[in-house]
Amino acid sequence: APSSSLSKCQSMLDKLSAAINNLAPDTEYIIMGDFNLPDVAWDLGIVKCAIDSKNQVFLIQQLFLDFFMKYDLRWIIGDKVKTRVRKVLTQIQSATLDNILTSDVNIFQKFQTTPPLGKSDHVGIIS
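Report follows, based on the coordinates. (Residues numbered from 1 in each chain as written. Predicted model: local features only at pLDDT ≥ 70, side-chain atom pairs only at ≥ 80, totals over all residues. Heavy atoms only, no water.)

Strand order in this open sheet of three strands is β1-β7-β4, and the pairing throughout is antiparallel. This sheet does not close on itself; its edge strands, each paired only once, are β1 (30–34) and β4 (74–75). Bridge analysis of β4 against strand β7 (residues 98–102) gives two bridges, and the strand direction is antiparallel. Bridge assignment links Arg74 to a residue of β7, and that residue is Thr102. (Pairing = 2+ DSSP bridges. Helix = DSSP H or I, 4+ residues; strand = E, 2+ residues; numbered from the N terminus.)

Quick look at the structure:
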């Protein structure tokens, strides 16, 4: 998401919002994928940046986090689980980029990660 423009991300979230609003009341749902929000501290529910930052990358991540909170979505994967691990030159980089968001935490009691498939640098997530 941070590689997109703020307006494109807002447009996408507006469409997702419309889809959620069209669900029957009390419908449980999940949203999962590679959110690519590397500066979100999932365990704290914040974007790690200055509070008055004007940096578009941080603003986009805050936009997504605000959306998740607006719909009372709970993230299943916290900061301790790294969903992407890759080697860049001589350094190993790891981040929590993939996540499972749910309207009901009882849907997912447990999950586990598996080694990446093929050439992917993202782990598999099984629930």
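A contiguous nonpolar surface patch, about 260 Å² in accessible area, is contributed by Ile30, Met32 and Ile107. With respect to the helices and strands, Ile107 occurs in the loop between β7 and β8 (112–114). Classification of Ile107 by relative accessible area gives partly exposed; the value is 37%. (Patch = residues over 30% accessible without salt bridge, like charges linked within 9 Å, V, L, I, M, F, W, Y side chains within 5 Å. Areas by Shrake-Rupley, 256 points an atom, 1.4 Å probe, with all protein chains shown as cover. Salt bridge = Lys/Arg side-chain N within 4 Å of Asp/Glu carboxyl O. Buried < 20%, exposed > 50% of the residue type's maximum accessible area, 1.4 Å probe, protein only.)

Moving on, we get to unusual backbone geometry. Even without being glycine, Asp26 reaches a positive phi, approximately 65°. By the secondary structure assignment, Asp26 is in the loop between α1 (6–21) and β1. Relative accessible area serves as the criterion here: at 80%, Asp26 is assigned to the exposed category. One non-glycine residue, Asp72, lies in the positive phi region at around 55°. You can see Asp72 is positioned in the loop between α2 (56–70) and β4.

What follows deals with the pairing of β7. Where burial is concerned, most of β7 is hidden: five out of the five residues are buried. Neither face of β7 is left uncovered, since the one carrying Asp98, Ile100 and Thr102 and the one carrying Asn99 and Leu101 both have all their residues buried. Where β1 lies against β7, five bridges are found, and the strand directions are antiparallel. Along β7, the bridge assignment pairs Ile30 with Thr102.

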